[in-house]
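The chain contents come next:
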Amino acid sequence: MGVNREHICKACDGTGMLSDDENWKYSCSVCDGEGVVMPGESTSPSAPLSVDEMNRYLD
Ligand SMILES: [Zn+2]
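Reading the values: rules and limits
Residues numbered from 1 in each chain as written. Predicted model: local features only at pLDDT ≥ 70, side-chain atom pairs only at ≥ 80, totals over all residues. Heavy atoms only, no water. Donors = N, O, S within 2.8 Å, 3.2 Å for Na, K, Ca; no water. Tetrahedral: all angles 85-135°; square planar, octahedral: opposite > 155°, others 65-115°. Helix = DSSP H or I, 4+ residues; strand = E, 2+ residues; numbered from the N terminus. Buried < 20%, exposed > 50% of the residue type's maximum accessible area, 1.4 Å probe, protein only. pLDDT = per-residue confidence, 0-100. Core = buried A, V, L, I, M, F, W, Y, C linked by side-chain atoms within 4.5 Å. Contact = heavy atoms within 4.5 Å.

Draft legend 1. Here's a closer look at the coordination of the zinc ion. The protein atoms that coordinate the zinc ion are C9 (SG), C12 (SG), C28 (SG) and C31 (SG), at distances of 2.2 to 2.3 Å. One can describe the site at the zinc ion as tetrahedral: its four donor atoms subtend angles covering 103 to 117 degrees at the metal. Motif for the zinc ion, donor spacing along one chain: C-x2-C-x15-C-x2-C. Taken as a pair, C9 in the segment before β1 (17-19) and C31 in the loop between β2 (25-27) and α1 (52-58) lie far apart in primary sequence, 22 residues in all. You'll find C9 and C31 in the same group, each marked buried.

Draft legend 2. Main features of the confidence of the model for the chain. In this model, the chain carries a mean pLDDT of 77, and residues with pLDDT of at least 70 account for 61%. Mean pLDDT values over the elements of the chain span from 60, in α1, up to 95, in β2.

Draft legend 3. Quick peek at the nonpolar core. One finds C9, C12, L18, C28, C31 and V37 forming the largest nonpolar core, which totals six residues. Those residues in contact with C28, other than ones at most four positions away along the chain, are C9, A11, C12, G16, M17, L18 and G33.

Draft legend 4. Expanded view of the environment of S27. Within the element layout of this structure, S27 appears in strand β2. Under the relative-accessibility criterion, S27 is labelled partly exposed at 42%. C-alpha separation for the pair S27 and C12, spaced 15 residues apart in sequence, amounts to 9.1 Å.

Draft legend 5. How the structure looks around unusual backbone geometry. Phi at N23 takes a positive value of approximately 65 degrees, unusual for a residue other than glycine. Judged by relative accessible area, N23 falls into the exposed class, the value being 58%. Its identity is not glycine, yet D32 carries a phi of approximately 65 degrees, on the positive side. Looking at where D32 falls in the secondary structure, it is placed in the loop between β2 and α1. Overall, the relative accessible area of 62% leaves D32 in the exposed class.

So this is what it looks like as structure tokens:
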């Protein structure tokens with residue numbers, strides 16, 4: 001299929017599916033279930049380089 005391994009979604013390891021602690025399977029939210037992430041495609045909601053303050057709020 002020509003999928004570049006470098007583009008494989010690290011969150012789901014290319015499966016497009018994730019499972020939670022109770023083994024419930026759900027579509028990967030990082031790659032939208034596609035199993036791959038295109039270069040430049042944001043894997044974070046916004047501003048990946050300025051999340052420090054945000055993380056504090058989230059904690
Ligand atoms: Zn994924």
